[in-house]
Amino acid sequence: MTELQKNLFGGTTSNARQFGMIFTLIAVIVYFQIRTDGIILTSGNLIALTQQYAYISVLSIGMLMVIVAGHIDLSVGSVAAFTGIVVAKAMAEHDVPWPAGILLGLLVGAAIGAWQGFFVAYVGIPAFIVTLAGMLLFRGGNQYIGNADTVPVPAGFRTIGAGYLPEVGPDTGYNNLTLLLGLVACVAVVWRELRARQVRKQMEGARPTPLWISVIRMAVMIGVIVFATLRFAGGRVGTSFPISGIILAVLVLGYSFYTRNTSGGRHIYAVGGNSRAAELSGVKLRRVNFLVMMNMGVLAALAGMIFVARSTASGPQDGLNWELDAIAAVFIGGAAVAGGLGTIGGAIVGGLVMAVLTNGLQLTGTGTDMIQIIKGLFLLAAVALDVYNKKQGRFSIVGALMRQFRTGPSASSEEAAAPDREKARI
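Since this is a predicted model, take the numbers as computed values, not measurements. (Residues numbered from 1 in each chain as written. Predicted model: local features only at pLDDT ≥ 70, side-chain atom pairs only at ≥ 80, totals over all residues. Heavy atoms only, no water.)

Asker: Teacher, can you tell me more about helix α14 (residues 322–332) here?
Answerer: The periodicity of an α-helix, 3.6 residues per turn, causes residues three or four places apart in sequence to face the same way. With 9 of 11 residues buried, α14 lies mostly within the body of the structure. Along α14, the positions that sit buried rather than exposed are W322, E323, A326, I327, A328, A329, V330, F331 and I332. G334 lies just past α14 and shows a positive phi near 105 degrees. (Buried < 20%, exposed > 50% of the residue type's maximum accessible area, 1.4 Å probe, protein only. Helix = DSSP H or I, 4+ residues; strand = E, 2+ residues; numbered from the N terminus.)

The structure is reproduced here in structure tokens:
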């Protein structure tokens, strides 16, 4: 049973833990698909869902790295709002071209991130305090610069938040570029699976995943991609896969590669897992903490610009409570409260769970008060499960569910060794 679990979920109990949230996401989708008579998975709703929550997912990528490093950032909503009003003002009152406006926004975000990172990494003030001050500072800055007014943005700039892949090629009844994007994703899934099998064959002492399990994994993934592709490509005329979704996909791929396959990414996990041990191993703590905070500033700026582009204007209410949604997405996605554990994919899945939950509740006519209560209980349950698993020495939800089916001493020794293997992997 353990071998089956490891093969299905990528070989580590940590990955299996992340997949627990995927099962939760599927359950939430099925539930609301039935409750809303199929509305939740219609083309129009999926496209709107992607646009509405792309900026929160962008924030959750940066927040994941901050939390893994052992910090927290409460200022992301205010930073996003501040950047949005600066960029909108620059384009509206100083005739700054919109591509230059995007570059200006990223530079503002980097400067804010560097400002906060300096106090966290080199002055030694806890990130909670620094970013709490930043939340007040940049919220006030947004209202001061914007004078509590709404500032519109030009049509070109709106593309990053409200644009779609254009219509090209012959009339197929679908958006051809979205179909092409889905085809590329399917090829990438097959290539990744085959390459993983080849690598394991070349590793001494490693056994490749059974072929039938690889086939099942590829079939499930390709089935999901084909379904989503046809939904996004077959929406009403003029719509297709949103540009904000493409920006998010590029960020997920880039940051997943960075955190899993580079020394810089592994240093973040090392600092969050045990900062003293990491420092003794040669990791430069100050530089890691500084870069993590600065990266969060850049992504917060990008999220703010995507939101402003979709809203067609920047206003004083932008970014309110965004930090809470981003933090919730990261913890629901499986990140450890104490830092050192978590993945980009898990944070995205956590954000999807929150997005589908909110969207489904809205479609069923649930009031805002009840939506807040349910989301709060969801977050509390996710964190409580993490704490419980740590106390029990387990890292796997699936492992916990399957423990009753295990017999013999091998099961207990497997559980006991799991935390050590996890730390060694990081």
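Asker: I would appreciate a short explanation of the nonpolar core in the present structure.
Answerer: Grouped burial of nonpolar side chains is what soluble globular proteins tend to show. With 66 residues, the main nonpolar core has V58, L59, I61, M63, L64 and F157 as its most contacted residues. Looking at this core element by element, the count peaks at 14 residues for helix α13 (residues 285–311). Each residue touching I61, except ones within four places of it in the same chain, is listed here: L248, L251, V252, Y255, L299, I344 and I348. Judged by nonpolar contacts, the second largest core, of 25 residues, contains F32, L165, F241 and I371. (Core = buried A, V, L, I, M, F, W, Y, C linked by side-chain atoms within 4.5 Å. Contact = heavy atoms within 4.5 Å.)

Asker: It is not clear to me how the packing of helix α11 (residues 263–273) against α13 should be interpreted in this structure. Could you clarify?
Answerer: Angle between the axes and distance between the axes are the two parameters that describe a pair of packed helices. Axis separation between α11 and α13 bottoms out at 10 Å; the angle between their running directions is 105 degrees. If you check the angle between α11 and α13, you find them roughly perpendicular. Between α11 and α13, the contacting residues are H267, I268 and V271 on the first element and L285, V288, N289 and V292 on the second. Residue composition of the contact of α11 with α13, grouped by class: 5 nonpolar, 2 polar and no charged. (Axes fitted to C-alpha atoms, helices over the stretch in contact; angles between N-to-C directions. Parallel < 35°, antiparallel > 145°, perpendicular 65-115°, else oblique. Nonpolar A, V, L, I, M, F, W, Y, C, P; charged D, E, K, R; others polar.)

Asker: Whenever I open this one, unusual backbone geometry confuses me. Can you help?
Answerer: What is expected of a backbone is that most residues other than glycine have negative phi and most peptide bonds are trans. For D95, which is not glycine, the phi dihedral falls at a positive 55 degrees. Unusually for a residue other than glycine, A148 sits at a positive phi of about 60 degrees. Secondary-structure assignment places A148 in the loop between α6 (127–146) and β1 (151–152). The class of A148 is exposed, set by a relative accessible area of 51%.

Asker: Quick question: what am I supposed to make of the packing of helix α5 (residues 98–123) against α13 here?
Answerer: Where α5 meets α13, the closest approach of the two axes is 7 Å, and the angle between their N-to-C directions is 145 degrees. Two packed elements cross with a definite hand, and for α5 against α13 that hand is right-handed. (Left-handed = near helix turned anticlockwise from the far one by under 90°.)

Asker: Is there a simple way to explain a nonpolar patch on the surface in this structure?
Answerer: Taken together, the side chains of F23, I26, V30 and I34 define a hydrophobic patch exposed on the protein surface, amounting to about 390 Å² of accessible area. Judged by relative accessible area, which is 62%, I34 ranks as exposed. (Patch = residues over 30% accessible without salt bridge, like charges linked within 9 Å, V, L, I, M, F, W, Y side chains within 5 Å. Areas by Shrake-Rupley, 256 points an atom, 1.4 Å probe, with all protein chains shown as cover. Salt bridge = Lys/Arg side-chain N within 4 Å of Asp/Glu carboxyl O.)

Asker: Would you mind going over the pattern of salt bridges with me for this structure?
Answerer: Applying the stated criterion across every chain yields a total of 4 salt bridges. Residues D325 and K375 are paired through a salt bridge, measuring 3.5 Å at the closest nitrogen-oxygen approach. Taken together, the positions of D325 in helix α14 and K375 in helix α16 (residues 368–392) put the pair 50 residues apart, joining distant regions of the chain. The exposure class of D325 is partly exposed, given its relative accessible area of 26%. Owing to a relative accessible area of 13%, K375 belongs among the buried residues under this scheme.

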